[in-house]
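# Inside the fold
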Amino acid sequence: MLLPGDTGFDQARLPFNLAVDQSVAAVAEVADAADAAALVRFARRTRATISVQPSGHGASGEVEDTILVRTKRLDEVRVDPVARSARVGAGVSWGRLQEAVAPHGLTGLAGSSPVVGVVGYMLGGGLSWFGRKHGWAADSITAFEVIDANGDLARVTADSDADLFWALRGGGGDFALVTAVELDLYPAPALYGGRMLWPVDRAPRVLEAFRTITASAVDELSVWLNLLDPPGPRPPLVGVDIAYLGEAAVGDALLREFDSIGGRISDNRRPLPMTELGTIAAEPTKPGRSQGHTQLLARLDGDTAEELLARPIDPLLIVQIRHLGGAFAGPSDTPAGAIAEPYQITFQGLPTAPEAAAAIRTRVQDFRTALDARLSNRTPFTFLAPGQSAADAFTPGALTRLRDIKRRVDPDHIFRSNYSVLA
Ligand SMILES: Cc1cc2nc3c(=O)[nH]c(=O)nc-3n(C[C@H](O)[C@H](O)[C@H](O)COP(=O)(O)OP(=O)(O)OC[C@H]3O[C@@H](n4cnc5c(N)ncnc54)[C@H](O)[C@@H]3O)c2cc1C
């Protein structure tokens, strides 16, 4: 336990996104589940609030005066290749889980970053590279091991407490301290993927090919479009990130549309070991500053593409469109439910100074105004950013149900999620 003034406290309270300040009362690193239970009982006795934050990838800054809990020592991964399942501790990152399951020809429903925590991602629903094939990652969870608000260890399943199980599969970290999850794994005999880049003047052609390919893509194929403005004196670029759950030759054939676009600067598509899934999107793996906004995109027709290209993305670093659809649009017994919108769009910049942060906000607002009705007013929970709330992720009906469950299981509000359902 580190308190303000202790050596190492200021380092220990830092989140992954260094643009977010966290003025917490203490930082606690739990040794094991029993230690975590003792911490919850201590919080209960002293009327303190707990914010579990394994890595700080989803930090919102809403942690004032809470005890920030680090879970990195809950690092056990147990794989049952025959049952195609795993039990994953609350300190395990996606990169670690993929390394443990890949030798068995299996995969979990991982997202783009190898350093994001499995449990935090799952508690927010989790949008995976393989979600078009298998749906929300949280739908793959079969059990949560938790410390409840009384400080007791419990195993939550659909049979033990259907409401709480539903809330944990995407409603965030408001309901318990999760020590481990049990999840299903999926066959992954082959993976093909990588990134292609062109100069930005090819953006109209790349967007057109992206629209054509995503309009009829098989569920095993996920393609994301990136408009990039790298820092420094480097020219803007357009590119696509690809993950295909299958053989290279078949993947290539599905992507022909891109081959006829000349001037390609680079193309690192290749058969990938599942352990390299996290390299495709080339996201930073070390803490840094970031400021972004994400919304679901209801359509990407020719007019929408024109609006996207009508202005430079500068001062943003990236505008990314992720193709959803497939199983994302199917039924899901999670707080977020089915995603009807076929795309998600993210705007992201580097807020090096207050003026840069203001310029990023203005540019994001320009895009939102231009895209207007094509944007739905919904942001997937794991992509909420500071200033947003759980109400931006859920329908009013789902939010009411989450709030009722929160009041039942944690009436004294011991647990504080980054985006609390009560806020
Ligand atoms: C580079 C990058 C790439 C990303 N890519 C994707 C992606 O492809 N798909 C996607 O869906 N999301 C993605 N995300 C978002 C990410 O999934 C969320 O930020 C997620 O909340 C991170 O979980 P964490 O545990 O790593 O982060 P943290 O900030 O440490 O935790 C986030 C929240 O989860 C809850 N929580 C975590 N662990 C526990 C626990 N043991 N018990 C109780 N509550 C807990 C807490 O409420 C906590 O505030 C990405 C984020 C980054 C920075």
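Above this text sits the structure in question.
Read on for a plain summary of the structure. None of these values were measured; they are calculated from a predicted model. Throughout, residues of each chain are indexed from 1 in the direction in which the sequence is written. With the structure being a predicted model, the display of local features is reserved for residues of pLDDT at least 70 and the display and counting of side-chain atom pairs for 80 or more, all residues being used for whole-chain, interface and lining totals. Just so you know, side-chain values use all the structure's heavy atoms and leave hydrogens and water out.

### Observations concerning the overall build of the protein
- Numbered from the N terminus, helices here are DSSP runs of H or I no shorter than four residues, and strands are runs of E no shorter than two. When helices and strands are counted, the protein shows 12 helices and 18 strands.
- In terms of overall size, the protein behaves like a compact globule, its C-alpha atoms giving a radius of gyration of 21 Å where 423 residues would be expected to give roughly 22 Å.
- Projected onto its principal axes, the C-alpha positions of the protein cover 65 × 55 × 40 Å.
- Three exposure classes are used, based on accessible area relative to the maximum for each residue type with a 1.4 Å probe and protein chains only: buried under 20%, partly exposed in between, and exposed over 50%. In the protein, which comprises 423 residues, the share counted as buried stands at 53%.
- Here a residue-residue contact requires only that any non-hydrogen atoms of the pair lie within 4.5 Å. Considering only contacts within the protein whose residues lie at least 6 apart along the sequence, 72% involve residues at least 24 apart.
- Note on areas: Shrake-Rupley with a 1.4 Å probe; residue coverage comes only from the protein chains shown. Of the roughly 17,400 Å² of accessible surface on the protein, 51% is carried by carbon and sulfur atoms. Only C-alpha atoms enter the radius of gyration, while the globule expectation follows 2.2 Å times N to the 0.38, with N the number of residues.

### Some words on helix H12 (residues 396-409)
- By this rule, a helix spans an expected 1.5 Å times one less than how many residues it contains. Across its 14 residues, H12 extends 20 Å between first and last C-alpha, which sits within 8% of the 20 Å expected from 1.5 Å per residue.
- For H12, the full list of buried residues reads Ala-398, Leu-399, Leu-402, Ile-405, Lys-406 and Val-409. The buried residues of H12 all sit within an arc of 125° when viewed along its axis, so they share a single face. Those residues of H12 that are exposed and aimed more than 90 degrees away from the buried face are Pro-396 and Gly-397.
- On its buried face, H12 sits against helix H6 (162-168). Here the arc refers to the directions that run from the helix axis out to each C-beta atom.

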